[in-house]
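So you can see what is in the structure, the chains are spelled out below.
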Amino acid sequence: MTDVNRPPGERIGGWTRLVTARPRLSLLVALLFTALAVVAGSGVADRLSGGGWEDPASQSSYATKALEKRFPASQPNLILLVDSGGKKVDDPAVAAEARALGKKLAGEKAVTGVTSYWDTGASALRSKDRGEAIIAARITGDETAAGKALERIAPDYRGQHGPVEVSVGGPVAVKQEMQTTIQEDLLRAEMMALPVTLVLLVMVFGSAVAALLPLGIGVIAILGTDAVLRVLTEFTDVSVFAQNLTTALGLGLAIDYALFIVRRFREELAAGGETLPAVAATLRTAGRTVLFSALTVAVSLAAMMVFPQYFLRSFAYAGIAVVLIAAAAALVVLPAALVLLGDRVNKWDLTRLLRRGRPAGAAADRAEPGAGWGRFARLVMRRAPVFALATVAGLVALGLPFLRVEFGTADDRQLPSGAESHVVQQHIRDGFAGGPGGGVEILAEGEPGAAALADYSAKVSALPGVLRVDSPAGHFADGRQVGRPGPAEAARAAGGAAYLSVQPKGEGVEPATQDLVRDIRAQNPPFRTSVTGTAAVLVDTKESLGDRVPWAGAIIIAVTLLLVFLLTGSVLIPLQAVLLNALSLTAMFGAMVWVFQEGHLSGPLSFTSSGDIETTLPVLMFCVAFGLSMDYGVFLLSRIKEEYERTGDHEAAVEFGLRRTGGLITAAALILAVVMVAIGTSRVTNTKMLGLGIALAVLMDAMVVRSLLVPAVMKLTGRATWWAPGPLRRLHTRFGLSEGESAPSSGAPSGGSPGGGGSPDGTSEDPGGKADGGAASGEKGRRRDRVSAR
C-alpha cells in the first residue's frame, strides 16, 4: 500500500521515514557511536575533580589562592599524623625519626611549606596526651596534579617508620580518597542495578526481547555522556560526583522513554496495525511526549548553569547530555530496532513460567488490564476534597524537618569512618586543641606597616568570639597560628602583603564563627584585607547561592509553565504542575534533615553525621527531582489530554489517563528508584544522600502525587482545568504540542484547547482515535488494553 493510499493514522511522516528507511544502517551508526564513546570517554574518572563547592569569584577564593601563592605554609593540604607508639612525641628516638621524615618530605618535588611540631614546638601541633603530633606541608598544583603527587609520595610515608607510625591526611588526601571511593562505589552500584532492573523490565514487559531494549538505550546514554564529560574536562573543571548522575539518569530516563515508546508500539500492534505504521503512530504520539519530557528535564537541570560553583555546573553538563542522548537514542535507535523486530518484540515471554498452574479463565485473567487504576481514580475523584487535603497535609508534615536545616561544608566526614584521611582528621578533631577547619585567615595587602597591622590585630582581637589573633610563624593545617611573634615579624611579607590567623572561640562553621567572619570583614583598616577559612568559604557560598537561587527557580518555573501550556493548552494545568511537583519534593527535603543532618539512621545507613547539610546539595536535588517529577507529569497529562480531546469528558479523561499510565509510571518510578538506591549505597555521604533522597522523591511523586493528588485536584477544578483566554488558545492552536492529534469532539468545551500543532512527522492526520479505540473495534481496544496494562 502506498503512503498516499494508507488510511489516516497509518501514513508515514518525514521523521519516521528518516529513522526507519535504513534501520540496519541506523543501528550500525548507533553501534559506531557507542564504540567511539567508549574510546572518547575512557579515563574520564581520572580527570574529574573532588571539589567545586566554592564560588571562584568570592573573596574567600581570592584570599585562598593568594595565600597559596605567597604563603604556602599558611595553606597546608597534606598532614602526616605521627603516632609515637605508646611513647611521647618528645622522646628522643621519636623526635629524631619525625625530624627525618620532615626533612625527607621537604625534599619531595611539588612539596613546599613543611612545618611540624618538632620544628616549632607549637602545642597546637601536638595532641593533648602528647602521644601524637603533626607534620604539615603543601602539595602545589591544581587538584589533579596534587592528587597525582600524593599518590606518588604517600606510600613512602604511610605506615611504620622505626618507633613511629604515620597516617596520611589533609584536604588533598580527603579529595583523593573521596574520588577513589566514588569510582569504586559507582561500579558496584552499576553491578547491583543492572540485573535488578532487567528483572523488573521483564516483569513489566513480559518479554525478554522488549526488556533488553531500554537497557540498550541506557548504555548508549551513559557511554555517550562519559565521552561528553571527558571532552569538557579539557576546558573546565568537572566534579567527580557528576558520574553518579550520569549513571542514574542514563538508566532511569532511558528506561522511562523506552518503556513509553515500546508500550505504545505494542498497543498499535495489538490493535491490528502493521509494523511500519505502528512505528509511525508511536513516534507521532509517545515519541512526541518523550521529546517534550526530555526538554522539561533538561531545562530543570540547565538551571544549575546560573551558579558559579563547578560542583553544580558539572551536574548541568552531565544532566543535559544524558537527557538529550537518551531521548535521541529512544527516538532514533529504538524505532529502527522496532522496525526490524516487528511482532518479535513480544518474543521470549518469560512470564509464562509464572502463569503455569493457574486455572484457565481465572479471575485474574478475565479482569480488564488497568481496571484497578481506573477504579482507584474513580474512588479518589468521588472523595476528592478528602484526598486532596489529606495528601497535602501529609506531604507538608513530612517536609517540616527542613525548617531546622543547618548548612555547612563538605569535609572528611563524607568518607566512611575507616577511611584513612577521615581517621586522621577525627584524631585531630578529638585529640588536639581546637578542631580542624576552625581558623579564619586574613590576607593584608597594600604595604601594611607594622604599626597599622598591630592596631588592626588589636581591633580584631577585641571582636566577640575571638580567642586570639596570631601572626605568621608556624601554622596548623586549618590556618591556626601556633606561635606568637610580634607585629614586626607579622609585617614581614611577600610582595607587600602579610597575613594574620584568627582562632575563634567556636569551632568549624558554627553560626558564631560565620558571624565573626562578617564582623572581621566589616572592619576598615588602612590597607586591603581579604578573609578566608572554612567559615568564610561557607559565608560566601551561601551568599552566592542566595543571589542565584531566585534566578534558577524563575528559569525552571517559567519554562515549565510554557512547556506544559504548549502540551495542554490550559492556563491552570501548568500552575498545578509546578505546585504539585514542589509538594512531591517535601518528603525528600524533610528526610534530608531528619536522617542526614540529625543522624537518626546513621547506624543502619553507615554514615557519620556532621550536623549540617552541604550547602549546594539541596539545590542539586531540587533541580534533579523536579525534572524527574515533570517527566512523569508529562506522561500522565499527555494521555489525559489525548482522551479529553477525543471525548470532551473531563472525568473520564482523568480516569483514562491514570488507567493507561498508572502502571507504567509506577513501574518506571520503581526502576529509577532501584537505580538511585544502588547509587545511595555509596560510602560517601553526599552521594548516599543524593541517591536515597531522589529515590524517595520519585516514589512519592509516582505513588502519592500522580495517584492521589493529581486526580483529586483535577476533579475539584473540573472543566475549568482546560480553560485558556482567547489569545492563548490561538497561540496553542498554532504552536501547541500534544501526544494525540485529534480534533476535539463536539462535547469538548469551547474554552478548551483544540490541540493541534504540526506533527514531527510532517503529517497532520489523526492517530488519536486509532491509538485509543475511537476508530478501532471493541475487540481491538480490548487487545490493546491487555498489552498496555502490562
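S.K.: Honestly, the sheet that holds strand 8 (residues 466-470) in this entry has me stumped. Any pointers?
M.R.: Pairing between the strands of a sheet is mediated by backbone hydrogen bonds and can be parallel or antiparallel. Read from one edge of the open sheet, four strands run 8-9-7-10, paired in antiparallel fashion. Of all the strands in the sheet, the pair left with one neighbour each is strand 8 and strand 10 (528-532). Each strand of the sheet is rotated relative to its neighbour by a mean of 20 degrees, with strand direction disregarded. Pairing of strand 8 with strand 9 (residues 497-504) involves four bridges; the strand directions are antiparallel.

S.K.: Teacher, can you tell me more about the environment of Glu184 here?
M.R.: Inspection of the secondary structure puts Glu184 in helix 7 (residues 171-205). Sequence-wise, Glu184 and Arg683 are 499 residues apart; in three dimensions their C-alpha atoms are separated by 9.6 Å.

S.K.: What is the right way to look at the sheet that holds strand 3 (residues 132-139) in this model?
M.R.: Judged by pairing direction, the sheet is antiparallel, and its five strands sit side by side in the order 2-3-1-5-4 without closing on themselves. The open sheet has two free edges, formed respectively by strand 2 (111-116) and strand 4 (159-161), since each of these has just one partner strand. In this sheet, neighbouring strand axes are inclined to one another by 25 degrees on average, regardless of whether the strands run parallel or antiparallel. In this sheet, strand 3 lies alongside strand 1 (residues 78-83) in antiparallel orientation, the contact comprising six bridges. In the strand pairing of strand 3, Leu81 is matched with Ile134. This element, helix 6 (residues 143-157), spans strand 1, strand 2, strand 3, strand 4 and strand 5 (164-169) of the sheet and lies at about 145 degrees to strand 3. Taken strand by strand, helix 16 (residues 420-431) contacts strand 1, strand 3 and strand 5, and its axis lies near 105 degrees from that of strand 5.

S.K.: Explanation requested: the nonpolar core in the structure shown.
M.R.: Buried together is how nonpolar side chains tend to be arranged in soluble globular proteins. Judged by nonpolar contacts, the single largest core of 157 residues is most densely connected at Phe241, Tyr257, Leu259, Met304, Val323, Leu338 and Leu620. Not counting chain neighbours up to four residues away, the residues in contact with Leu620 comprise Met304, Phe311, Leu312, Phe315 and Leu690. Membership of the second largest hydrophobic core comes to 36 residues, among which are Leu81, Leu105, Ile139 and Ala149.

S.K.: When you look at the pairing of strand 5 in this model, what are you seeing that I'm missing?
M.R.: Looking along a regular strand, one sees side chains alternate from face to face of the sheet. Inspection of the sheet shows strand 1 paired to strand 5 by five bridges, in the antiparallel sense. Counted as the bridge partner of Val82 is Val166 from strand 5. Sheet analysis places strand 4 next to strand 5, joined by three bridges and oriented antiparallel. Within strand 5, the position partnered with Gln160 by the bridge is Glu165. In sequence, strand 4 turns back onto strand 5 through a hairpin of two residues, with Gly162 there showing a positive phi of about 60 degrees.

S.K.: Quick question: what am I supposed to make of a nonpolar patch on the surface here?
M.R.: A cluster of nonpolar side chains, namely Leu25, Leu28, Val29, Leu31 and Leu32, defines an oily patch on the protein surface of about 480 Å² accessible area. Within the fold, Leu32 resides in helix 2 (residues 23-41).

S.K.: Just to check I follow, could you spell out unusual backbone geometry for this structure?
M.R.: Trans is the prevailing form of peptide bonds, just as negative phi is the prevailing case for residues other than glycine. Of note in the backbone geometry, Ala110 takes a positive phi value of approximately 75 degrees without being a glycine. Phi at Ser606 is positive, roughly 60 degrees, even though this residue is not glycine. Tracing the backbone shows Ser606 in the loop between helix 23 (602-605) and strand 11 (613-614).

S.K.: Would you mind showing me how to read the packing of helix 10 (residues 275-302) against helix 11 (residues 310-341) here?
M.R.: Packed helices, taken two at a time, are described by the angle their axes make and the gap between the axes. As a packed pair, helix 10 and helix 11 sit with axes 9 Å apart at the nearest point and diverge in direction by 180 degrees. When the axes of helix 10 and helix 11 are compared, the pair comes out roughly antiparallel. Judged by residue contacts, Thr275, Leu276, Val279, Leu283, Gly287, Val290, Leu291, Ala294, Val297, Ala298, Leu301 and Ala302 of helix 10 engage Ala316, Gly319, Ile320, Val323, Ala327, Leu331, Pro335, Leu338 and Val339 from helix 11. Taken together, the residues of the contact of helix 10 with helix 11 break down into 18 nonpolar, three polar and no charged.

S.K.: Would you explain the packing of aromatic side chains in this entry?
M.R.: Taken as a whole, this structure holds 13 aromatic pairs when the rule is applied. Here the aromatic rings of Tyr117 and Trp118 are separated by 5.7 Å at their centres, their planes lie at 75 degrees, and the arrangement is edge-to-face. Taken together, the aromatic side chains of Trp53, Phe241, Phe311 and Phe315 make up a single cluster linked through ring pairs. Seen from the ring of Tyr157, Lys104 lies directly overhead, with NZ or CZ sitting 5.0 Å from the centre.

S.K.: Mind showing me how you'd approach the pairing of strand 7 (residues 440-445) here?
M.R.: Burial analysis of strand 7 places six of its six residues in the buried class, which makes it a mostly covered element. Judged by which residues are buried, strand 7 turns out to be covered on both faces: Val440, Ile442 and Ala444 on one side and Glu441, Leu443 and Glu445 on the other are all buried. Alignment of strand 7 against strand 9, held across six bridges, turns out to be antiparallel. Bridging from a neighbouring strand, Ala444 pairs with Ala498 of strand 9. With five bridges connecting them, strand 7 and strand 10 associate as antiparallel partners. Its bridge partner being in strand 10, Leu443 is matched across the sheet by Ser530.

S.K.: Help me out: how do you make sense of the pattern of salt bridges in this one?
M.R.: Side-chain pairing between opposite charges can occur once the charged atoms of the two side chains come close. Inspection of every chain in the model, using the stated rule, returns 27 salt bridges. Linking Arg683 and Glu184 is a salt bridge whose minimum nitrogen-to-oxygen distance equals 2.9 Å. In this pair, Arg683 is assigned in the loop between helix 25 (650-680) and helix 26 (685-717) and Glu184 in helix 7, connecting sequence segments 499 residues apart. On the accessibility criterion, Glu184 (43% relative accessible area) is partly exposed. Close ionic contact of Glu655 with Arg378 constitutes a salt bridge, the shortest N to O distance being 2.5 Å. Here Glu655 is found in helix 25, whereas its partner Arg378 is found in helix 14 (residues 371-382), with 277 residues between them in sequence. By relative accessible area, which is 34% here, Arg378 ends up partly exposed. When salt bridges that share partners are traced, they join Arg263, Arg264, Glu267, Glu268, Arg639, Glu642 and Arg660 into one network.

Criteria and cut-off values
- Residues numbered from 1 in each chain as written.
- Predicted model: local features only at pLDDT ≥ 70, side-chain atom pairs only at ≥ 80, totals over all residues.
- Heavy atoms only, no water.
- Pairing = 2+ DSSP bridges.
- Helix = DSSP H or I, 4+ residues; strand = E, 2+ residues; numbered from the N terminus.
- Axes fitted to C-alpha atoms, helices over the stretch in contact; angles between N-to-C directions.
- Contact = heavy atoms within 4.5 Å.
- Core = buried A, V, L, I, M, F, W, Y, C linked by side-chain atoms within 4.5 Å.
- Buried < 20%, exposed > 50% of the residue type's maximum accessible area, 1.4 Å probe, protein only.
- Patch = residues over 30% accessible without salt bridge, like charges linked within 9 Å, V, L, I, M, F, W, Y side chains within 5 Å.
- Areas by Shrake-Rupley, 256 points an atom, 1.4 Å probe, with all protein chains shown as cover.
- Salt bridge = Lys/Arg side-chain N within 4 Å of Asp/Glu carboxyl O.
- Parallel < 35°, antiparallel > 145°, perpendicular 65-115°, else oblique.
- Nonpolar A, V, L, I, M, F, W, Y, C, P; charged D, E, K, R; others polar.
- Phe/Tyr/Trp six-rings, centres within 6.5 Å; stacked < 30°, edge-to-face > 60°.
- Lys NZ or Arg CZ within 6 Å of the ring centre and 35° of its normal.

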